[in-house]
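So you can see what is in the structure, the chains are spelled out below.
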Amino acid sequence: MAISLESRRKVAEFLLRIKAVQLRPENPFQWASGRYAPIYCDNRKTLSHPQVRTYIRQQAVELIEEKFGRVDAIAGVATGGIALGALVAQELGLPFIYVRSSAKGHGMGNRIEGDLSVLSNCVVVEDLVSTGKSSLEAVEVLRQADVQVKGLVAIFTYGFPEAQAAFEEAHCPWATLTDYPTMLDQALAEGYVTEGQTHLLQSWSEEPIRWSDNNSPA
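What comes next is a walk through the structure. Small disclaimer: the values here were computed from a predicted structure and weren't measured.

**Let's talk about the packing of aromatic side chains**
Remark: the centre distance and the inter-plane angle together describe each pair of aromatic rings, the angle taken between the planes. Tallied over the full model, the rule gives 10 aromatic pairs. Consider the rings of Phe160 and Trp204, whose centres lie 5.4 Å apart with planes at 65°: the pair is edge-to-face. Of this pair, Phe160 sits in the loop between strand E9 (148-157) and helix H5 (161-169) while Trp204 sits in helix H7 (residues 195-206); the two residues are 44 residues apart in sequence, bridging distant segments of the chain. On the accessibility criterion, Trp204 (1% relative accessible area) is buried. The lysine or arginine in question, Arg24, covers the ring of Phe29, its NZ or CZ lying 3.8 Å from the ring centre.

**Overview of the side chain of Gln59**
Examined against the element boundaries, Gln59 turns out to sit in helix H2 (residues 50-68). Not counting residues up to four positions away in its chain, the partners in contact with Gln59 are Ile3, Ser7 and Leu177.

**A few points about the pairing of strand E8 (residues 121-129)**
Of all 9 residues making up E8, 9 are buried, and the element is well covered by its neighbours. Sheet analysis places strand E5 (residues 74-77) next to E8, joined by 3 bridges and oriented parallel. Following the sheet pairing, Gly76 is matched in E8 by Val125. Across 8 bridges, the pairing between E8 and E9 is parallel. Considered in E9, the bridge of Val125 is made with Val153. What joins E8 to E9 is helix H4 (residues 133-144), and the crossover it makes is right-handed.

Calculation notes
- Residues numbered from 1 in each chain as written.
- Predicted model: local features only at pLDDT ≥ 70, side-chain atom pairs only at ≥ 80, totals over all residues.
- Heavy atoms only, no water.
- Phe/Tyr/Trp six-rings, centres within 6.5 Å; stacked < 30°, edge-to-face > 60°.
- Helix = DSSP H or I, 4+ residues; strand = E, 2+ residues; numbered from the N terminus.
- Buried < 20%, exposed > 50% of the residue type's maximum accessible area, 1.4 Å probe, protein only.
- Lys NZ or Arg CZ within 6 Å of the ring centre and 35° of its normal.
- Contact = heavy atoms within 4.5 Å.
- Pairing = 2+ DSSP bridges.
- Right-handed = clockwise from strand over helix to strand, strands pointing away.

Here it is as structure tokens:
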């Protein structure tokens, strides 16, 4: 069962309200990759808003239970997925572990933090899926540690085709609480953007590299 459209729009509404997602088609953001984009997403802001944090946690729990059934543990992806993953694990009464972006530089040199002896499978929790590269790297680290990954849940995705293809190639089911098309619909309905801006925002999602090239500052 998929998360309802009403719930997807509610998550989008919250993200826009607290400026976890910002839309700026005429003055694009520069991402870490160097590309320019009309959207910037920082879902860590949800942690500072108890009502938003609670709703997202509840929706993530429902989605995990509906899509993946019983699981042994929740695994967060550092750093954005750690807090949400821990909240979800607490709600479900499950063990929590997390995957580092790189091995610890001292001690045991771990990539995975937590007690793997108490679990055999998990669902991975992320805050955002862009290309899917970092998410699937965490999935692979868990698999190499003999942890079965039943799938991944994230708050938001830009909906890039390369992400969908990457998850399919990795045989990793995934789902998000909301997505870019839903975000645009909600932003237009609430007056965050105009019809004209919506066309610019849609054109970015169709060809983000060309959009970046055409809209980078002179």
